[in-house]
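Residue-level structural notes
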Amino acid sequence: MTPASDRTPPRVPPLSRETVAEAALRLLNETGLDKLTLRAIATELNVKAPALYWHFRNKQELIDEMATEMYRRMTAAPQPLTDGASPPTWRDRVMAACVGLRRALLAYRDGARVFSGSRFTGTEHAEHTEVHLRALLDAGFDLPQAVRTFSTAFAYTLGFVSEEQGVQPMPGERREGYDVTERGERLAAYPVAAAAGPHIFEDYDAHFEEGLHLILDGVSARYGIR
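Throughout this document, residue positions are counted from 1 along each chain, in the order its sequence is written. Selection of residues for local features in this predicted model requires a pLDDT of at least 70, selection of side-chain atom pairs for listing and counting requires 80 or more, and totals for whole chains, interfaces and linings are taken over all residues. Heavy atoms from the whole structure form the basis of all side-chain values; hydrogens and water molecules are not counted.

**Looking at the packing of aromatic side chains**
Ring pairs are drawn from Phe, Tyr and Trp, using the six-membered ring of Trp, whenever the two centres fall within 6.5 Å, and their geometry is named by plane angle: stacked under 30 degrees, edge-to-face over 60, tilted for the rest. Scanning all chains against the criterion turns up 10 aromatic pairs. Seen from their ring centres, Tyr71 and Phe120 are 5.0 Å apart, and the 45° between their planes marks the pair as tilted. With a gap of 49 residues between them, Tyr71 in helix α3 (residues 59-76) and Phe120 in the loop between α5 (111-115) and α6 (124-138) connect regions that are remote in the sequence. Centre to centre, the rings of Phe160 and Tyr204 are 6.0 Å apart; their planes meet at 85°, and the pair counts as edge-to-face. Here Phe160 is found in helix α7 (residues 143-167), whereas its partner Tyr204 is found in helix α11 (residues 204-223), with 44 residues between them in sequence. For helices the rule is a DSSP run of H or I covering at least 4 residues; for strands it is a run of E covering at least 2, with both sets numbered from the N terminus onward.

Below, the structure written as structure tokens:
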């Protein structure tokens, strides 16, 4: 047995905005956003809570950095634009961006809440925004149309995942009160509303992509771009 005096203490990574955000994301799946505290993050990092205030003045600044780190991870493993058989269209690009965003948000408890309304702390997003908008301009959009297309699809994705995580906070979890069969029985006096349950609270993958196609069909019809 190694004497206590000879044991090497565990290596603590240098404290930075990035390491604090990474620790916060690790804890997020355990606690959820409401119970994620600076004290808990400090314990995870083996430091005192006041040390975190050198990097973040408040919880919103931390959430901004968490959202930025989520974005970095998402763009490090981008969603394929096509199967490679043909060049990507503007629809392919918007679909891939939104499918990739949803996948990234679902990887974290309250992922959509972290992302919604947050301010990115870096400039990585500007590079990707530039590429996406230029692709839409090349497809025939003007700049306001391109911005509105991506903004609308982005807002739809955040809203969809917010509702989805309200029912299924994490894969394999389902909040009490969202059993579709029980709901149907409770709403038996309203048969159409009861029958809508599976189309609202189940098969989220298919419903998300269908809703996104509805938006893109509307974009194409309104702007006359195929």
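**So, the packing of α6 against α7**
Orientation of α6 relative to α7, taken along the N-to-C sense of each, is 125°, at an axis distance of 9 Å. Classified by the angle their axes make, α6 and α7 are oblique. When you trace α6 past α7, the crossing you get is right-handed. Between α6 and α7, the contacting residues are His132, Leu133, Leu136 and Leu137 on the first element and Leu143, Ala146, Val147, Thr149 and Phe150 on the second. Classification used: nonpolar for Ala, Val, Leu, Ile, Met, Phe, Trp, Tyr, Cys and Pro, charged for Asp, Glu, Lys and Arg, polar for all others including Gly. Residues belonging to the contact of α6 with α7 are distributed by class as follows: 7 nonpolar, 2 polar and no charged. Only the stretch in contact is used when fitting a helix axis, every axis being a line fitted to C-alpha atoms; angles between N-to-C directions are given from 0 to 180 degrees. We call two directions roughly parallel when the angle between them is under 35 degrees, roughly antiparallel when it is over 145, roughly perpendicular when it lies between 65 and 115, and oblique otherwise. Rotating anticlockwise by less than a right angle from the far helix to the near helix defines a left-handed crossing, while the corresponding clockwise rotation defines a right-handed one. Only heavy atoms matter for contacts: two residues are in contact if any of them lie within 4.5 Å across the pair.

**Describing the UniProt feature "DNA-binding region" (unreviewed entry) in the protein**
Annotation from UniProt places "DNA-binding region" (unreviewed entry) at residues 37-56. When the span residues 37-56 is considered, its composition is 40% helix and 0% strand, and the gap between its end C-alpha atoms is 12 Å. UniProt positions are given in the numbering used here, feature names are shortened, and annotations may be inferred rather than shown by experiment.

**Looking at the side chain of Thr19**
The residue Thr19 is located in helix α1 (residues 17-31) in this model. From its side chain, Thr19 meets the backbone nitrogen of Ser16 in a polar contact 2.8 Å long. Side-chain atoms alone can form a polar contact between residues adjacent in sequence; in general such a contact is a pair of N or O atoms within 3.5 Å, and within protein one must be able to donate a hydrogen while the other accepts it.

**Observations concerning the pattern of salt bridges**
Whenever a carboxyl oxygen of Asp or Glu lies within 4 Å of a side-chain nitrogen of Lys or Arg, that contact is scored as a salt bridge. Inspection of every chain in the model, using the stated rule, returns 15 salt bridges. In this structure, Arg109 and Glu173 form a salt bridge, with 2.8 Å as the shortest nitrogen-oxygen distance. One end of the pair, Arg109, is in the loop between α4 (90-106) and α5; the other, Glu173, is in the loop between α7 and α8 (180-186), and 64 residues separate them in sequence. Judged by its relative accessible area of 16%, Arg109 falls in the buried class. When salt bridges that share partners are traced, they join Arg17, Glu65, Glu69, Arg72, Arg73 and Glu124 into one network. The cut-offs for exposure are 20% and 50% of the maximum accessible area for each residue type, with area from a 1.4 Å probe on protein chains only; residues under the lower value are buried, those over the upper are exposed, and the others partly exposed.

**Side note on a negative patch on the surface**
Note that patches include only residues with greater than 30% relative accessible area and no salt bridge, and the join distances are 9 Å for like charges and 5 Å for nonpolar side chains (Val, Leu, Ile, Met, Phe, Trp, Tyr). In this description, accessible areas are obtained by the Shrake-Rupley approach with a 1.4 Å probe, and a residue is regarded as covered only by the protein chains that are shown. The convention is simple: Lys and Arg are positive, Asp and Glu are negative, and His and the chain ends are not counted. All charge positions are set by atom: Lys at NZ, Arg at CZ, Asp at CG, Glu at CD. On the surface, Asp179, Glu185, Glu202 and Asp203 cluster together into a negatively charged patch. Residue placement: Glu202 occurs in the loop between α10 (197-201) and α11. On the accessibility criterion, Glu202 (36% relative accessible area) is partly exposed.

**Topic: the UniProt feature "domain: HTH tetR-type" (unreviewed entry) in the protein**
The positions that UniProt labels "domain: HTH tetR-type" (unreviewed entry) are, in the present scheme, residues 14-74. The span residues 14-74 carries 64% helix and 0% strand; its end-to-end C-alpha distance comes to 24 Å.

**Some details on a nonpolar patch on the surface**
On the surface, a nonpolar cluster with roughly 210 Å² of combined accessible area is contributed by Leu137, Leu143 and Val147. Positionally, Leu143 belongs in helix α7. Under the relative-accessibility criterion, Leu143 is labelled partly exposed at 46%.

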